[in-house]
Amino acid sequence: MPEIFEKFYAVTGTSIYEVYAKDENGHPYAVKIELKGESKVQKGERVNGGTMLAIATNLQFYINEGRGLLSPQTSFERRLEYVNTGWWRGGTSKIVALFLNEQEARCCFEEPDLKPCDPRWLVKTKEVIEKIGEEHPTISICHYPELCLVKTD
């Protein structure tokens, strides 16, 4: 059985998050470890609220409820784009880049003119996405064109 990827760093225009695959209940969460400017989530606070985390244009936590023919809550859906937005929970602003290493995330965060899915860190972002993989139990990679962070090969 392959090793399950447990932690990475996400940089947004205003924050750095340390992202974990599971807490004591087996659910993903993120902790804001750096902040510049204003934000609803303060440094040290946790962002969570679902059984799954999607890597999309932002980090989006959600409950993976699907729809069954007889009952709307009889199946589970891993793909964010197929989950009713009513099941979407906490999230972040748009992702600039993803990193395996905190120091690299901090160096990125200090750079000027950060942009969503910044091409300066595309290789690092793809490296994290590859490490997570398509079969991770609590983290999904969104591929829907309007929501995906980066087109993967």
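Residues numbered from 1 in each chain as written. Predicted model: local features only at pLDDT ≥ 70, side-chain atom pairs only at ≥ 80, totals over all residues. Heavy atoms only, no water.

1. Some details on helix H2 (residues 122-132)
This is how it is decided: Accessibility here uses a 1.4 Å probe with only protein chains present; expressed as a share of the type maximum, an area under 20% marks a residue as buried, one over 50% as exposed, and anything in between as partly exposed. Under the scheme used here, helices are H or I runs from DSSP no shorter than 4 residues and strands are E runs no shorter than 2 residues, and both carry numbers assigned from the N terminus. Think of it as the arc spanned by the lines of direction from the helix axis to the C-beta atoms. Whether two residues are in contact is decided by their heavy atoms: any pair within 4.5 Å suffices.
Every buried residue of H2 is listed here: Thr 125, Val 128, Ile 129 and Ile 132. Take H2 and look down its axis: the buried residues cluster within an arc of 100°, on one side only. Opposite the buried face of H2, at more than 90 degrees from it, the exposed residues are Val 123, Glu 130 and Lys 131. Those residues of H2 hidden inside the fold are in contact with strand S1 (7-12), strand S5 (52-55), strand S8 (95-99) and strand S9 (139-141). Where H2 terminates, the next one or two residues include Gly 133, which has phi positive at roughly 80°.

2. A word on the packing of aromatic side chains
The condition is simple: Here the aromatic set is Phe, Tyr and Trp, taking the six-membered ring for Trp, and pairing holds for ring centres within 6.5 Å; pairs whose planes are under 30 degrees apart are stacked, those over 60 apart are edge-to-face, and all others are tilted. Only when the NZ atom of a Lys or the CZ atom of an Arg is both within 6 Å of the ring centre and within 35 degrees of the ring normal do we say a charge sits over the ring.
What the rule picks out here adds up to two aromatic pairs. On the basis of an interplanar angle of 20° and a centroid distance of 6.2 Å, the ring pair of Phe 5 and Phe 8 is categorised as stacked. Across this residue pair, the class does not change: Phe 5 and Phe 8 are buried. Residues Tyr 20 and Tyr 29 carry aromatic rings whose centres are separated by 4.9 Å and whose planes lie at 15° to one another, so their mutual orientation is stacked. With relative accessibility at 12%, the residue Tyr 29 sits in the buried group. The positively charged end of Lys 36 is found above the aromatic ring belonging to Phe 109, 4.3 Å away from the centroid. The cationic tip of Arg 46 hangs over the ring face of Tyr 29; the distance from NZ or CZ to the ring centre is 3.7 Å.

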